[in-house]
Amino acid sequence: EGSRLEIQIIDHGVGIEDIEEARQPFFTTKPEMERSGMGFAFMEAFMDRLEVESVQGQGTRIVMTKYIERENEQ
């Protein structure tokens, strides 16, 4: 829409118990599998806005927004 890109990701899985904890770099729910847990950190680094809503047992909705400015495009 205009100069705004919005991406929504919705799942109907188990949900996220503690969103703030899950947004911390290197947090993972499977430490035994050598995962880095950088998903939210990467989303926040590349997007201008990140919203996370989650209900346990119902799923999660993530909205990522990026504002794109085009100056003197040739």
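A short tour of the structure in this document, coming up. (Residues numbered from 1 in each chain as written. Predicted model: local features only at pLDDT ≥ 70, side-chain atom pairs only at ≥ 80, totals over all residues. Heavy atoms only, no water.)

Let us now look at the environment of I10. You can see I10 is positioned in strand β1 (residues 4-11). Expressed as a C-alpha distance, the spacing of I10 and I62, which sit 52 residues apart in the sequence, is 6.4 Å. (Helix = DSSP H or I, 4+ residues; strand = E, 2+ residues; numbered from the N terminus.)

Applying the stated rule across the entire model yields one aromatic pair. Here F42 and F46 contribute two aromatic rings whose centre-to-centre distance is 6.5 Å and whose plane-to-plane angle is 15 degrees, an arrangement assigned as stacked. Remark: F46 and F42 occur in helix α2 (residues 39-46); sequence separation between them is four residues, near one turn of the helix. Judged on exposure class, the residue F42 and its partner F46 are both exposed. (Phe/Tyr/Trp six-rings, centres within 6.5 Å; stacked < 30°, edge-to-face > 60°. Buried < 20%, exposed > 50% of the residue type's maximum accessible area, 1.4 Å probe, protein only.)

Roughly 580 Å³ of internal volume is contained in the largest pocket. Looking at the largest pocket, it is lined by 21 residues, and the ones nearest its centre are I16, A22, F27, T29 and F40. Tallying contributions element by element places α2 first for the lining of the largest pocket, with three residues. In terms of residue class, the lining of the largest pocket is built from eight nonpolar, seven polar and six charged. (1 Å grid on protein atoms, 1.4 Å probe; cavity = no way out; pocket = protein on both sides within 12 Å on 5 of 7 lines; lining within 4 Å. Points joined across faces, edges and corners; volume = space filled by probe spheres on them. Nonpolar A, V, L, I, M, F, W, Y, C, P; charged D, E, K, R; others polar.)

There is a patch of nonpolar side chains on the surface, built from L5, I7, I9 and I68 and spanning about 300 Å² of accessible area. You can see I7 is positioned in strand β1. I7 gets classed as partly exposed once you look at its relative accessible area, which sits at 34%. (Patch = residues over 30% accessible without salt bridge, like charges linked within 9 Å, V, L, I, M, F, W, Y side chains within 5 Å. Areas by Shrake-Rupley, 256 points an atom, 1.4 Å probe, with all protein chains shown as cover. Salt bridge = Lys/Arg side-chain N within 4 Å of Asp/Glu carboxyl O.)

Let us look at a negative patch on the surface. Together, E17, D18, E20 and E21 give the surface a local cluster of negative charge. Mapped onto the elements, E20 comes out in helix α1 (residues 19-22). (Lys, Arg positive; Asp, Glu negative; His and termini not counted. Charge placed at Lys NZ, Arg CZ, Asp CG, Glu CD.)

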